[in-house]
Amino acid sequence: MKKVPFLNFAAQFELEREAILGAVTRVFERGDFILGKEVEAFEQDFARICNARHAIGVANGTDALIMALRALGIGPGDEVITASNSWVSSASAVALLGATPVFADVNDDQNISPDAIEAAITSKTKAIMPVHLTGRCADLPRILKLAGKYGLPVVEDAAQSVTARIGDLTAGSAGTIGCFSLHPLKNLNAAGDAGVITTNDDKLAATLRLLGHHGLKNREEIVRWGYNSRLDTLQAAILRTRIPRLESVIQKRRTNAERYTRLLKDVVACPVERAGEWHTYHVYVIQCERREELRAYLSERGIDTKIHYPIPIHMQEAAQALGYRKGSLPNTERQAQRILSLPVHSYLSEEQVELVAAAVRDFYSK
Ligand SMILES: Cc1ncc(COP(=O)(O)O)c(C=O)c1O
């Protein structure tokens, strides 16, 4: 293993072995492998931590986005405004429904710019889909205001930002629908694919439940075409055991992030927290010069880093038909050359964080 790995699943399992094996055993003993008690209980726990009225488990975060847009009736001819510096799902979910993803540029903090959103609104716009990137909320207060002004629903792509807050708004429960991924790399992580949708709207919640479960009203009656996209019961059981530790996991990430920022802010651009913000540091991203050289330098010293994400979605081959070109989204493109994610997970020691920071400082002192 590297001296400083980007993640440490083995350390996580060491802490949780008994709880996880107990949860898995319970599911096998009951034999309710689809939906059932564990999924229901997890949904209640998840709704609570997100301050949402409803949480609906689904198979993964991408399905959460597809189903959210579908529940809002979005389809061919419609436009959805989102960010291009995200994981591909933020755009593919729109495109897979036959609608058009429209990319708005981002601010220095990597989150979507409300001014750019407003400039992108047309008569075809049917939803705003901000991405709460890196573990922090986009500018929700301003985005919600815009949504009110133009009468648009807000689908929050909160895949990276479970329990992130800005003021009294919690990611996923401030807009119309919130979409989460519980992929193994996320702060609240399953042992495989998993996702959740949140909403405060009873009608939408009922539609989303039907959509994810074959459109079944009961065992026999199908009231609309639906997907087979349920949260796996084994995953729900595992996730339930992890919810009680989530706050301390995030607190540890925040402590690591604070240490990085203190040690590095005079050599690279570090994330700056806004007043009233609770950043959960799904990733700790610096913006720096000579990124590839720095990355290689750190790798030679046993320090693992990642880039989230090196090619913006609008510059991917899959997005060619959308008509964007180099220079369409200057901030997004500039940041793609400069961003680097340092390991920030909760199993790092103080020494490991200091080692990473010292190596970054060393690199720039040469
Ligand atoms: C911002 C964002 N949106 C959507 C997704 C899709 O989630 P999943 O991988 O669970 O389908 C992810 C996670 O990979 C993500 O980071």
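About the criteria used
- Residues numbered from 1 in each chain as written.
- Predicted model: local features only at pLDDT ≥ 70, side-chain atom pairs only at ≥ 80, totals over all residues.
- Axes fitted to C-alpha atoms, helices over the stretch in contact; angles between N-to-C directions.
- Helix = DSSP H or I, 4+ residues; strand = E, 2+ residues; numbered from the N terminus.
- Parallel < 35°, antiparallel > 145°, perpendicular 65-115°, else oblique.
- Left-handed = near helix turned anticlockwise from the far one by under 90°.
- Contact = placed C-beta atoms within 7 Å.
- Near = placed C-beta within 6 Å.
- Nonpolar A, V, L, I, M, F, W, Y, C, P; charged D, E, K, R; others polar.
- Domains from an automatic or database assignment.

## Some remarks on the packing of helix α3 (residues 61–71) against helix α4 (residues 89–96)
- Two elements in contact, α3 and α4, have axes whose closest approach is 9 Å; the angle formed by their N-to-C orientations is 45°. On the basis of their axis angle, the class for α3 and α4 is oblique. Where α3 crosses over α4, the handedness of that crossing is right-handed. Within the contact between the two elements, α3 uses G61, T62, L65, I66 and L69 and α4 uses S89, S90, A93, V94 and L96.

## Some thoughts on the site of the ligand
- Around the ligand, a shell composed of 15 residues is seen, among which G61, T62, W87, A159 and S181 lie nearest.
- Of all elements in the fold, only α3 and α4 reach the threshold of two or more residues within the shell around the ligand.
- The residue makeup of the shell around the ligand, split by class, is 3 nonpolar, 10 polar and 2 charged.

## Description of the domain arrangement of the protein
- For the protein, the assigned domains read domain 1 (9–240) and domain 2 (245–365).
- Computed from C-alpha atoms alone, the centre-to-centre distance between domain 1 and domain 2 is 24 Å.
- Where the side of domain 1 that touches domain 2 is concerned, the elements lending two or more residues are α1 (9–30), β3 (100–104) and β6 (165–166).
- Per-element tally for the side of domain 1 that touches domain 2: the top contributor is β3, with 3 residues.
- Of the residues belonging to the side of domain 1 that touches domain 2, the class tally is 12 nonpolar, 13 polar and 5 charged.

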